[in-house]
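Inside the fold
Here are the chains, one letter per residue:
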Amino acid sequence: MTRKAHCCCGSCRIEVEGEPLLNAICHCSNCKRRTGSAFGWSAYFADERVTAKAGDFGLYEITGANPQQRWFCATCGTTLLWKAAAWPARTGVAGGCFTDIPLPEPSATVSNNGRCVWLGLPAKWRTSL
Ligand SMILES: [Zn+2]
Ligand SMILES: [Zn+2]
């Protein structure tokens, strides 16, 4: 199955083949800021499962203990994908950007110490990677 994710304005897109290696939500402050939401929804695919990528991307590089490269649409600002040094050969994609064929239900919730107290989640999800 090929899934397509795109930014708000539609000029940046990525296509991935198959199901994600990891499909999780994260409650860390970095994910909250990236999305402007209560948590980030992240889907990781092996790099070779990324079958297309197009658009005018800006790059934001996070340095320090957990370096990351994050690509966002230069027009509308939507963060679409990233690569984390801690998980080489994987591409992270913003889960909410898969709107035509949505991802399956996440299987994990991480950085749970940052979870908003009002947020209820399915008990069957793993609470670590
Ligand atoms: Zn855009
Ligand atoms: Zn996070």
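Residues numbered from 1 in each chain as written. Chains lettered and ligands numbered in written order. Predicted model: local features only at pLDDT ≥ 70, side-chain atom pairs only at ≥ 80, totals over all residues.

**Topic: the overall build of the protein**
- The number of helices and strands found in the protein is one helix and ten strands.
- Put simply, the protein runs from its N terminus to its C terminus through helices and strands in the order β-β-β-α-β-β-β-β-β-β-β.
- Expected size for 129 residues packed as a compact globule is a radius of gyration near 14 Å; at 14 Å, the protein falls within 12% of this value. (Helix = DSSP H or I, 4+ residues; strand = E, 2+ residues; numbered from the N terminus. Rg over C-alpha atoms; globule rule 2.2 N^0.38 Å.)

**Quick look at the sheet that holds strand 8 (residues 79–84)**
- As summarised here, the arrangement of the seven strands in space is 6-7-8-9-4-3-10, forming an open sheet in which the pairing is mixed. Among the strands making up the open sheet, the edge pair consists of strand 6 (57–62) and strand 10 (108–110). Pairs of neighbouring strands in the sheet enclose a mean axial angle of 25°, with direction left out of account.
- Where strand 4 (residues 40–46) meets strand 9 (residues 90–94), five bridges bridge the pair, whose relative direction is antiparallel. In the strand pairing of strand 9, Ala46 is matched with Arg90. (Pairing = 2+ DSSP bridges. Axes fitted to C-alpha atoms, helices over the stretch in contact; angles between N-to-C directions.)

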